[in-house]
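Listed here are the chains, written in short residue letters.
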Amino acid sequence: MKNLVILISGRGSNMVAIAEACAAEGWDARIAAVISNRSDAGGLVYAQQNGIPTAVVNHRDFEDREAFDATLAQVIDGFAPDLVVLAGFMRILTPGFVQHYAGRMLNIHPSLLPAFPGLHTHRRAIEAGCKVAGTTVHVVTPELDHGPIVVQAVVPVRPDETEDTLAARVLVMEHQAYPRAVRWWIEGLLESTEDGRIVHRHGESQALMGG
Ligand code: GRF
């Protein structure tokens, strides 16, 4: 049984999608904990109501990133994670922290990486005149919003698109893409190529198409 520790900063809808898929599909895994840097993160309520242990490590209580990350890692490691899942966790992580979880930490980012790392991805995609947008699940490496891609999900950008309408349709796809990526990881179906890409062992498509 694999232990998943999920880190959130807000509503936690991706965390819920993963927890529900884990239960519904009978993964050989459990959500060992949901940890947030904000005590008001909406997703903590879902976790508490569903018997998932929670913890809060408030970044404001620490002098610098190193100190915050050191305590965060201690709390995470208290739950013996096999995989750390960043699901809307809005903190930049130090290289030491990332190294500690090398190869066992995933993130979801709401753009088709390597396009649009960072914030305001949907607005930037619309302003750039992109005809497709989407989301990327990737292995976390020290560079922000980089790292080998596990799954991408694509949606068309419509002519009358707004940031909100695009975000809503991408989120629907995130709720499909992230559980799938986590399940593949748990089942040992992902492997690294010599040149550092992640491929599905049985060649299953790592691209999802949304409407
Ligand atoms: C998602 O769009 C994710 O890609 C980004 O933050 C958002 C988190 O949403 N990193 P939620 O908290 O999972 O609902």
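Residues numbered from 1 in each chain as written. Predicted model: local features only at pLDDT ≥ 70, side-chain atom pairs only at ≥ 80, totals over all residues. Heavy atoms only, no water.

Our next topic: the packing of helix H1 (residues 13-24) against helix H6 (residues 163-186). Two elements in contact, H1 and H6, have axes whose closest approach is 9 Å; the angle formed by their N-to-C orientations is 50°. It follows from the interaxial angle that H1 and H6 lie oblique. Of the two elements, H1 crosses H6, and the hand of that crossing is right-handed. Residues Ser13, Asn14, Ala17, Ile18 and Ala21 of H1 pack against Leu171, Glu174, His175, Tyr178, Pro179 and Val182 of H6. (Axes fitted to C-alpha atoms, helices over the stretch in contact; angles between N-to-C directions. Helix = DSSP H or I, 4+ residues; strand = E, 2+ residues; numbered from the N terminus. Parallel < 35°, antiparallel > 145°, perpendicular 65-115°, else oblique. Left-handed = near helix turned anticlockwise from the far one by under 90°. Contact = heavy atoms within 4.5 Å.)

A few words now on the packing of aromatic side chains. Under the defined criterion, the tally for this structure stands at 2 aromatic pairs. Summarising the aromatic geometry, the rings of phenylalanine 62 and phenylalanine 68 are spaced 5.8 Å apart at their centres and angled 65° between planes, so their arrangement reads as edge-to-face. The partly exposed category is assigned to phenylalanine 62, whose relative accessible area is 24%. Above the plane of the ring of phenylalanine 68 lies arginine 91, whose end atom (NZ or CZ) is 6.0 Å from the centre. (Phe/Tyr/Trp six-rings, centres within 6.5 Å; stacked < 30°, edge-to-face > 60°. Buried < 20%, exposed > 50% of the residue type's maximum accessible area, 1.4 Å probe, protein only. Lys NZ or Arg CZ within 6 Å of the ring centre and 35° of its normal.)

Further remarks concern the sheet that holds strand S7 (residues 149-156). A sheet is described by the order of its strands in space; here 8 strands give the open sequence S3-S2-S1-S4-S5-S6-S7-S10, paired in mixed fashion. Strands with a single pairing partner mark the edges of an open sheet, and in this sheet they are strand S3 (54-56) and strand S10 (207-209). On average, each strand axis in the sheet is tilted by 20° relative to the strand beside it, whichever way the strands run. Packed onto the sheet, H1 meets strand S1 (2-8), strand S2 (29-36), strand S4 (83-86) and strand S5 (105-109) and runs at close to 165° relative to S2. (Pairing = 2+ DSSP bridges.)

How large an interface is tends to be reported as the accessible area lost when its parts come together. Domain annotation of the protein chain identifies domain 1 (1-101) and domain 2 (108-211). Once you take the C-alpha centre of each, domain 1 and domain 2 turn out to be 20 Å apart. Across the contact, 20 residues belong to domain 1 and 15 residues belong to domain 2. Joining domain 1 to domain 2, the criterion identifies 1 salt bridge. For glutamate 25, the salt bridge goes to arginine 183, with nearest N and O atoms at 3.1 Å. For the interface between domain 1 and domain 2, the tally reads 4 residue pairs in polar contact (both at pLDDT 80 or more). (Domains from an automatic or database assignment. Salt bridge = Lys/Arg side-chain N within 4 Å of Asp/Glu carboxyl O. Polar contact = N/O pair within 3.5 Å; in protein donor to acceptor, adjacent residues only side chain to side chain.)

Take helix H3 (residues 65-77) next. The terminal C-alpha atoms of H3, which comprises 13 residues, lie 18 Å apart, in line with the 18 Å expected from a rise of 1.5 Å per residue. The complete set of buried residues in H3 reads Phe68, Asp69, Leu72, Ala73 and Ile76. Down the axis of H3, the buried set is contained in an arc of 130°. They therefore lie on one face. Away from its buried face, by an angle of more than 90 degrees, H3 presents the exposed residues Glu66 and Gln74. Contacts from the buried residues of H3 go to S1, S2, S4 and helix H4 (95-100). (Expected span 1.5 Å × (residues − 1). Arc of directions from axis to C-beta.)

Scanning all chains against the criterion turns up 7 salt bridges. Of the charged contacts, one joins glutamate 163 and arginine 123 as a salt bridge, the two residues approaching to 3.4 Å between their closest N and O atoms. Taken as a pair, glutamate 163 in helix H6 and arginine 123 in helix H5 (residues 121-127) lie far apart in primary sequence, 40 residues in all. Via salt bridges that share partners, Glu25, Arg183 and Glu187 belong to a single interconnected network.

A separate point is the pairing of S1. Within S1, 6 of the 7 residues are buried, which leaves the element mostly enclosed by the surrounding structure. Inspection of the sheet shows S1 paired to S2 by 7 bridges, in the parallel sense. Along S2, the bridge assignment pairs isoleucine 8 with serine 36. Taking the sense of rotation as the criterion, the β-α-β connection linking S1, H1 and S2 turns out right-handed. Relative to S4, S1 runs parallel, the two being bridged by 4 bridges. The partner of isoleucine 6 across the bridge, within S4, is valine 85. (Right-handed = clockwise from strand over helix to strand, strands pointing away.)

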